[in-house]
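Chain by chain, the residues run as shown.
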Amino acid sequence: MADRVTVIGWDGSPLTAAARSALGAATLVAGAAHHLALPEVPPTAERIRLGSVALAARRITGHRGTAVVLADGDPGFFGVVRTLRAPEFGLEVEVVPGVSSVAAAFARAGMPWDDAQVVVAHRRTLRRAVNVCRAHPKVAVLTSPGAGPAELGLLMEGVHRTFVICEELGTDREQVTVVPSDKAADHTWRDPNIVIVIGGTAAVTEDGGWIAGRDPAAAPRGWTLPAESYGGLMGEGELEPLRAAQLARLGPRVGDLVWDIGCGSGAFATEAARAGAAVIAVDRDLRACERTEANARAFGLQVQIVPGTAPHVLENLPEPDVVRVGGGGVAVVSAVADRRPQRIVAHAATRDEAELVGRDLTEHGYRVECALLQSVELDTRAWTETERSVAFLLSAVLPDRTG
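Everything quoted here is computed from the prediction, not taken from an experiment.

What is the right way to read the nonpolar core from this model?
The tendency in soluble globular proteins is for nonpolar side chains to be buried as a group. Membership of the largest hydrophobic core comes to 28 residues, with the highest contact counts inside it found for Trp259, Ile261, Leu314, Val325, Val336, Ile344 and Leu361. Listed by contribution, the elements that provide at least two residues to this core are strand S11 (257-261), strand S12 (278-283), strand S14 (322-325), helix H11 (329-338), strand S15 (343-348), helix H12 (351-363) and strand S17 (384-397). Looking at which element gives the most residues to this core, the answer is H11, with four residues. Beyond its immediate sequence surroundings of up to four residues, Trp259 is in contact with Ile280, Leu314, Leu317, Pro318, Pro320, Val322, Val323, Arg324, Val336 and Arg339.

Would you mind going over helix H5 (residues 101-109) with me for this structure?
Every α-helix carries 3.6 residues per turn, so stepping three or four residues along brings you back to the same face. Of the residues making up H5, those classed as buried are Val102, Ala104, Ala105 and Phe106. Gly110 occupies a position one or two residues after H5 and carries a positive phi of about 65°.

I keep staring at the pattern of salt bridges and nothing clicks. Help me out?
Should the charged atoms of two oppositely charged side chains come close, the side chains can pair. Counted according to the given criterion, the structure contains 20 salt bridges. Ionic pairing is found between Arg190 and Glu168, a salt bridge with its closest N-O pair at 2.4 Å. With Arg190 in the loop between strand S9 (175-180) and strand S10 (193-198) and Glu168 in the loop between strand S8 (162-167) and S9, this residue pair connects regions lying 22 residues apart in the sequence. Since its relative accessible area comes to 13%, Glu168 is described here as buried.

Could you clarify how one ought to interpret the side chain of Asp321 in this entry?
Within the element layout of this structure, Asp321 appears in the loop between strand S13 (303-307) and S14. Ignoring anything within four residues of it in the chain, the contact list for Asp321 reads Arg127, Arg128, Asn131, Gly255, Asp256, Leu257, Pro341, Gln342, Arg343 and Arg401.

It is not clear to me how the sheet that holds S8 should be interpreted in this structure. Could you clarify?
Think of a sheet as strands paired side by side through backbone hydrogen bonds, with each pair either parallel or antiparallel. Pairing is mixed across the open sheet formed by five strands, whose spatial order is S6-S7-S10-S8-S9. At either end of the open sheet lies a strand with only one pairing partner, and these are strand S6 (117-120) and S9. The average angle at which neighbouring strand axes cross in this sheet is 20°, direction not considered. Where S6 lies against strand S7 (residues 138-142), four bridges are found, and the strand directions are parallel. Across the sheet, the residue bridging to Val118 is Ala140, located in S7. Packed onto the sheet, H5 meets S6, S7, S8, S9 and S10 and runs at close to 55° relative to S10.

Conventions adopted
Residues numbered from 1 in each chain as written. Predicted model: local features only at pLDDT ≥ 70, side-chain atom pairs only at ≥ 80, totals over all residues. Heavy atoms only, no water. Core = buried A, V, L, I, M, F, W, Y, C linked by side-chain atoms within 4.5 Å. Buried < 20%, exposed > 50% of the residue type's maximum accessible area, 1.4 Å probe, protein only. Helix = DSSP H or I, 4+ residues; strand = E, 2+ residues; numbered from the N terminus. Contact = heavy atoms within 4.5 Å. Salt bridge = Lys/Arg side-chain N within 4 Å of Asp/Glu carboxyl O. Pairing = 2+ DSSP bridges. Axes fitted to C-alpha atoms, helices over the stretch in contact; angles between N-to-C directions.

Shown next, in the form of structure tokens:
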């Protein structure tokens, strides 16, 4: 095992004295091509072109001498330090950090970033990164080849955002470009790059906030809120007890895309968005679409509204993770199941209707549960009944997508 391992973050500025000292004593140096070309790298040191960090870690583990790993920005922030310190390698490292590429990107844009979400986009995580950009007003995306600004823009079709694209930060070729999200695919972008995705409005606090990302105290407490929070009257399928059960079974979370079909007042769509998920709300009633948009905006949330009649309007929507079917019956449920979301919830007024929906979901390969939910609201001043609701709640889980 190497006698000493130092990880140096480089942000394009001159190396610090500590970094130069570590490099000067190195017998092995790992890094990208532009790192290995630095004049401070000893000519006699073994050099490893950094592709797979795990492979480099194995080489370092077997090295006898002093090793240095060079990385861009802050190597402890979505960087190489995590891999090097993995138990399988057993490496103890010293870190000389640089300015993180995210901090540098926001500095170039002249924007604060304590309220931003930060995501990494690879080919396998690109869809989830896009969903975060759909749901949140300020996101920094650490891109990779095949999951860059063009791909982000194409997958955000139907949602308008502004991209601040920072290419090759800290080098002589550094460039910062501002484009609408729907124009990002019209350009060729140089790697490495970071995309700051801006859209909508975020809550502003006088004292600057107390936690990175979205402030949980900015939203009312509770999974679901009463009808008056959404403008009053709701249909049977939107009453608070049913919504709470639906949310519990779907479990929307950051990185998910939720479809809310038959969104009505927008109560469920808003509450799924409050959980951090991206939401597409669908309804054939334009007044319902307007009400949903207004309710989401009142909570400072990003919800995409799609007017139209299901199931036809669903054909061109991006792939969902979880779906609430608030109306349309078996035909809509079947069309949704064809898209293979991980979870689906629906409700029915009668047992016969519930059986039809449940059988269709079972035929699509879902594991189905059905429960009869009955709630009675009481006026606690006189302890008299004011409202009663009864519904069959169907929840379906796709066994091969249980993550």
